[in-house]
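# Structural characterization, general
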Amino acid sequence: MEIAAPSSRQPTRGELLLLGALTAFGAMTIDLYLPTLPVIARDFGATPAAVQLTFTAFFIGMAAGQLVYGPVSDRMGRRPAILFGCVLYVVASLACAFAPTIEWLVAGRFVQALGCCAGMVVARAVVRDRYDHRDSARIFSLLVLVLAVAPMIAPSVGGWLGAGVSWRAGFVALALFGGCIVAVVFWRLDESRSAATEAKARGEKWWESYADLFRHRRLMGYVLVGAANGATLFGYIATAPDLVIDVWGFTSGQFSMIFAFIAFGVIGSSQVNRALLKRHSPDAVLAVAVLVAALFGLGVLGLALAGAGHWWMIGAFFAVLTSNGFIAANALAGALNVDPLRAGATSGLYGAGNFAVGAVASAVAAVLHDGTALPVSLVMAVALIGAALAYYGLARPR
């Protein structure tokens, strides 16, 4: 069957806002309740390790769910997959809001992740349905503008709701956010899956699709690059509240400002990346970015080993996480370009790799927790070196 060429038109502002909101589902769901973690621990009488399980359960749910929604969206369509996931997300968010125990909250977070990952995995597939390799990379960079709003405003909103009402109000707010997404997707999002994609998906079992994708050397290289790069962000998110507030002594408001400062760095680098893509291919930018990021990773580890002060460490975290803007969009666009007819399954595999490695990174950082920045710095350094090795060993075009 003939494959329709992706459109060369530019996305409208409304399309970008919707795709950005779908992409930001995970970030919103993580960041909104970050400032209230100490309150949740006190409310339930739980240890920091027990509260940390709400992160781990969420990451596991995100990884597992994306493996399901990817091939389902290829077979059944993008719209049905998003709508089902968003409805599930609303129900799970309300369950979290009324959780009677920490165990209930952990379970609710797992189901919440199963819901919100639908929007994330399908949004990436929608972009690939409509745009080619280079344009996809530019649009993924542009979506960071919307995506980065989450870490800038979500912790502040979560902190305000926690202080003024209760930490439970944050999950009610997330349920309302999910309900709004359901309405907009139902009324405004057109189906983008091609007839060729549907025919291919219906002609094979989902495990056959993944088995074939695993045989693509370059695809697995891009997946590993994205996963290792994402581990730096997940490791930071999981350890930042305790490190910044409890260890370094910043207030919740100051923590939100530090989070926003780093988000501005990611925004800036992603837009520089978008400009670079006018003259350079995504792989040309990625080849340099992974090497620079690995050097930044070694730098942050060196500062942590030297016992550098918290302002030095915040600056180093800024440099490391800013490199994300040059890696994430280009690695994702590269992965989706390997087999465009399996854009949903590829998106699911890519996202699952990100969150599976993110769960491991956050768990390792938690287990190694010693009241310093060394554990998360070690995670960052190892992950970014791994990203460079994955790109040059597997993904780089020969």
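What counts and what doesn't
Residues numbered from 1 in each chain as written. Predicted model: local features only at pLDDT ≥ 70, side-chain atom pairs only at ≥ 80, totals over all residues. Heavy atoms only, no water. Helix = DSSP H or I, 4+ residues; strand = E, 2+ residues; numbered from the N terminus. Rg over C-alpha atoms; globule rule 2.2 N^0.38 Å. Buried < 20%, exposed > 50% of the residue type's maximum accessible area, 1.4 Å probe, protein only. Contact = heavy atoms within 4.5 Å. Phe/Tyr/Trp six-rings, centres within 6.5 Å; stacked < 30°, edge-to-face > 60°. Lys NZ or Arg CZ within 6 Å of the ring centre and 35° of its normal. Disulfide = S-S within 2.5 Å. Axes fitted to C-alpha atoms, helices over the stretch in contact; angles between N-to-C directions. Left-handed = near helix turned anticlockwise from the far one by under 90°. Nonpolar A, V, L, I, M, F, W, Y, C, P; charged D, E, K, R; others polar. Salt bridge = Lys/Arg side-chain N within 4 Å of Asp/Glu carboxyl O.

Once that is clear, we can look at the overall build of the protein chain. Within the protein chain, the secondary structure is distributed over 18 helices and zero strands. For 398 residues, the compact-globule formula gives about 21 Å, and the C-alpha radius of gyration of the protein chain, at 20 Å, lands near that figure. By residue count, 58% of the 398 residues in the protein chain fall in the buried class. Considering only intrachain contacts with a sequence separation of at least 6, the fraction spanning at least 24 residues in the protein chain is 86%.

The next subject is the packing of aromatic side chains. Scanning all chains against the criterion turns up 14 aromatic pairs. When the centroid spacing of 4.7 Å and the interplanar angle of 65° are considered together, the rings of F25 and Y89 count as edge-to-face. Taken together, the residues F25 in helix α2 (residues 25-31) and Y89 in helix α5 (residues 78-97) connect sequence positions 64 residues apart. Judged by relative accessible area, F25 falls into the buried class, the value being 0%. Cluster of aromatic residues (ring-pair linked, three or more members): Y33, F44, F55, F58, F59, W167, F171 and F234. If you follow R109 out to its NZ or CZ, it ends over the ring of Y33, 4.1 Å from the centre.

Tracing the backbone shows R138 in helix α7 (residues 133-147). With residues up to four places along the chain from it excluded, the contact list for R138 reads R274, L277 and K278.

The next thing to look at is the side chain of Q112. Among the structural elements, Q112 can be located in helix α6 (residues 102-130). For Q112, the contacting residues outside a window of four places in its chain are T29, F58, Y89, A92, S93, C96, F171 and L174.

Moving on, we get to the state of the cysteines. The tally for this structure, following the rule as stated, stands at zero disulfides. Distance from the sulfur of C96, which forms no disulfide, to the nearest cysteine sulfur (C116) is 11 Å. Overall, the relative accessible area of 0% leaves C96 in the buried class. Of the cysteine sulfurs around C116, a residue in no disulfide, the closest is that of C117, at 6.1 Å. Residue classification places C116 among the buried positions, given a relative accessible area of 0%.

Bringing the environment of V90 into the picture now. Mapping V90 onto the fold places it in helix α5. When the C-alpha atoms of V90 and C180 are compared, they prove to be 9.9 Å apart, with 90 residues separating the residues in sequence. The contacts of V90, once residues within four sequence positions are left out, are A175, G178 and G179.

Attention now moves to the packing of helix α4 (residues 48-76) against α6. Interaxial distance between α4 and α6 falls to 6 Å at its minimum, and their mutual angle equals 35°. For the pair α4 and α6, the sense of crossing is right-handed. Residue composition of the contact of α4 with α6, grouped by class: 20 nonpolar, eight polar and two charged.

With that settled, the discussion passes to the pattern of salt bridges. With the rule as written, the count across this model stands at six salt bridges. For the salt bridge of R78 with D74, the shortest nitrogen-to-oxygen distance reads 2.8 Å. For R78, a relative accessible area of 1% translates into the label buried. You can call D74 buried: its relative accessible area is 3%. As a salt-bridge pair, R215 and D212 come within 3.3 Å of each other at their nearest N and O atoms. A residue is classified by how much of its surface remains accessible, and R215, at 63% relative accessible area, is exposed. If you follow the salt bridges from partner to partner, you end up with D212, R215, D339 and R342 in one network.

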